Each structure stands twice: as C-alpha cells, then as structure tokens.
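# Survey of secondary and tertiary structure
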Amino acid sequence: MSLETLLASFATVMALVSALLVVWQRSAVVSALFLVLNLGSVAILFLTLGGEFLAAVQVIVYAGAIMVLFLFVIMLLNPAPPKQRFASGPVVTGLTFGLGVVFVAALVRGVMSLAGSGQEMSAVGPGYGSTRSIGELLFTDYLYPFELTGVLLLVAMVGAVVLARRQHHEEV
Amino acid sequence: MPLASYIGLSAVLFVIGVLGVLLKRNALVMFMSIELMLNAVNVALAAFARHHGGLDGQIFVFFVMAVAAAEAAVGLAIFIALFRLRKTTDVTEFNLMRW
C-alpha cells in the first residue's frame, strides 16, 4: 500500500467519524471543533488528489477564518445546550436516520455501478493543482467569475454589517 | 484510492450533513451541517477533476469556498439579529412567519 493510499484512507475515516460527531454532539462548541477536524481531513484528501493550493486554502479560509467566525458567534450568543440531542422524538429521528442509510446505500450503489468503466485516475504532470497553475486559470479563463467573487464578498461583508448592527428604533 | 471511494465518501458526508439539518434544533449546528454538505461536494469536484486530469474542477472548488465564506458571514449575522429578538438559537422557537 502506497503512502498516498494510506494517507487517503486515514483521512477518509477521520472525515466520516468527525462528521458523525458534529451531528451527534449536544454542545455547539464541541460540534464546531469536530467540524474543524473534518475540514482538516478534507484538506488531506485534497492533497492526495493533487490539490495542494486547495488544501492550503481549505485550512486558511475554512478551518481558519470561517470556523473562527462560527466559534466567535457561538461564544457570543452562548446558547444553553438543549436537553434533547435532536429536534424530534426517537421515532422520527430513527426514521430519518433509516432514510439516510437507504439514501447512502442507493448513492454508493450508483457509484459502484461505474466501477467497471475506467475508474483509475488519469496521470497528471508535476504542476497539477499548484498555486501557479490555478492562478493562471483564474486570471485567464475564469477572470470574470473571479472578479464577480470579489463583488460577492464585498456585498456579503456589507450585508453582514447591516444585519448584525444594533438597530436604534427610538432614535430613528 | 480509486475514484469510487472518493465519490462514496462524498455521498456519505453529504447525507450526514442532510441529517444534521433535518435533526438538529440549534440553528448554529444546522448551519455547520450545511458547511459539511458544501465540503462533501468539494471532495467530489476535486476527485472528478483529478479523474479527468483537468483543473476546472479545482477552480470550481475555489469558487464554492468563496461562496461558503460569504454565506457564513451573512448567515451568522442573521443569527445574531434573531438572537437579539428571541434570546435563543433553537429553531423550534422561530415562528415569526407562522400564522
């Protein structure tokens, strides 16, 4: 077994276990920390897929920026942990889990039906997924979407400030 | 690992995210489950990009991450505004639009 396969299998198990724990935990802070673990595992998976730039962005943007925002809001609001683990009773919860298992089985069966038709990854050059190659694509073929993303982030920033601002009804 | 194991993992992660949104009552944890789903899709996109040997899938992952960042900022601001109004993040308590 090559090192890459070993790493990918390890990251797969970590991602699955941490994702389940995100849903299973009662406390929002612990859920958030398991989500960080999940995002880290996905970053390792990106590495095994040759996406070194994506892995770095995953850690910096997702595990760094977004999860810090999440933890900040959780600790700011500090909601009391709920008495129940899930919103519905045990019957509905069990039924939902059962449907989830059926859905996963159908999806995996669909994936496995592809198994015969050339599943091996194609060979790629050493520059695949590097910052340089991604950057070249972003500033040539994907220039307009890239610029639009900048506008989107600006709109989101302004929107977040407007929404979270304290509204002084008595003054207006 | 072959393509099928990545896609299988992506499917399972996505369903775990769906279960989180359906079953949890804390709005913040539901939001984290949405992030789980976005990540599952990212894994599939990166795996297909590697499978075809192109980089367009990875560019798409990059854009999904940017949209996720924007969505997280706006969504969390909405939760802060809701918390000011209702003093809770329990979604079963939010019934402003119910009549």
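Basis of the calculations
Residues numbered from 1 in each chain as written. Chains lettered and ligands numbered in written order. Predicted model: local features only at pLDDT ≥ 70, side-chain atom pairs only at ≥ 80, totals over all residues. Helix = DSSP H or I, 4+ residues; strand = E, 2+ residues; numbered from the N terminus. Rg over C-alpha atoms; globule rule 2.2 N^0.38 Å. Buried ≥ 20, exposed ≤ 12 C-beta atoms within 10 Å, placed from the backbone. Contact = placed C-beta atoms within 7 Å. Nonpolar A, V, L, I, M, F, W, Y, C, P; charged D, E, K, R; others polar. Core = buried A, V, L, I, M, F, W, Y, C linked by C-beta atoms within 7 Å. pLDDT = per-residue confidence, 0-100.

## A word on the overall build of chain A
Across its full length, chain A holds six helices and zero strands. For chain A, whose C-alpha radius of gyration is 21 Å, the value lies well above the compact-globule estimate of 16 Å for 172 residues. For chain A, the spread of C-alpha atoms along the three principal axes comes to 65 × 50 × 25 Å. By residue count, 24% of the 172 residues in chain A fall in the buried class.

## Quick word on the overall build of chain B
Helices and strands together make up the secondary structure of chain B, namely three helices and zero strands. Taken from N to C terminus, the helices and strands of chain B fall in the order α-α-α. The C-alpha atoms of chain B give 17 Å as radius of gyration, which overshoots the globular expectation for 99 residues (13 Å, by more than 25%). Taken over the C-alpha atoms alone, chain B extends approximately 50 × 25 × 20 Å along its principal axes. Per-residue burial for chain B yields a buried fraction of 56% across its 99 residues. Considering only intrachain contacts with a sequence separation of at least 6, the fraction spanning at least 24 residues in chain B is 45%.

## Focus: the interface of chain A and chain B
Taken residue by residue, the interface counts 71 residues in chain A and 61 residues in chain B. Counting residues per element, the side of chain A that touches chain B draws most heavily on helix H3 (residues 52-77) of chain A, at 11 residues. Of the residues that constitute the side of chain A that touches chain B, the class distribution is 53 nonpolar, 17 polar and one charged.

## Quick notes on the nonpolar core
In this structure, Leu13(B), Leu28(B), Met32(B), Val43(B) and Ala46(B) are the most contacted members of the largest nonpolar core, which totals 71 residues. Broken down by element, the residue count for this core peaks at 14 residues, all from helix H2 (residues 27-52) of chain B. Discounting chain neighbours no more than four positions away, the residues touching Leu13(B) are Ala15(A), Ala19(A), Leu36(B), Asn39(B), Ala40(B) and Val43(B).

## Some thoughts on the confidence of the model for chain B
Residue and element names in this part refer to chain B. For chain B, the mean per-residue pLDDT works out to 88, and 99% of the residues sit at or above 70. When pLDDT is averaged over each helix and strand of chain B, the minimum, 89, is found for helix H1 (residues 3-23) and the maximum, 92, for H2. In the predicted assembly, ipTM is 0.91 and pTM is 0.88.

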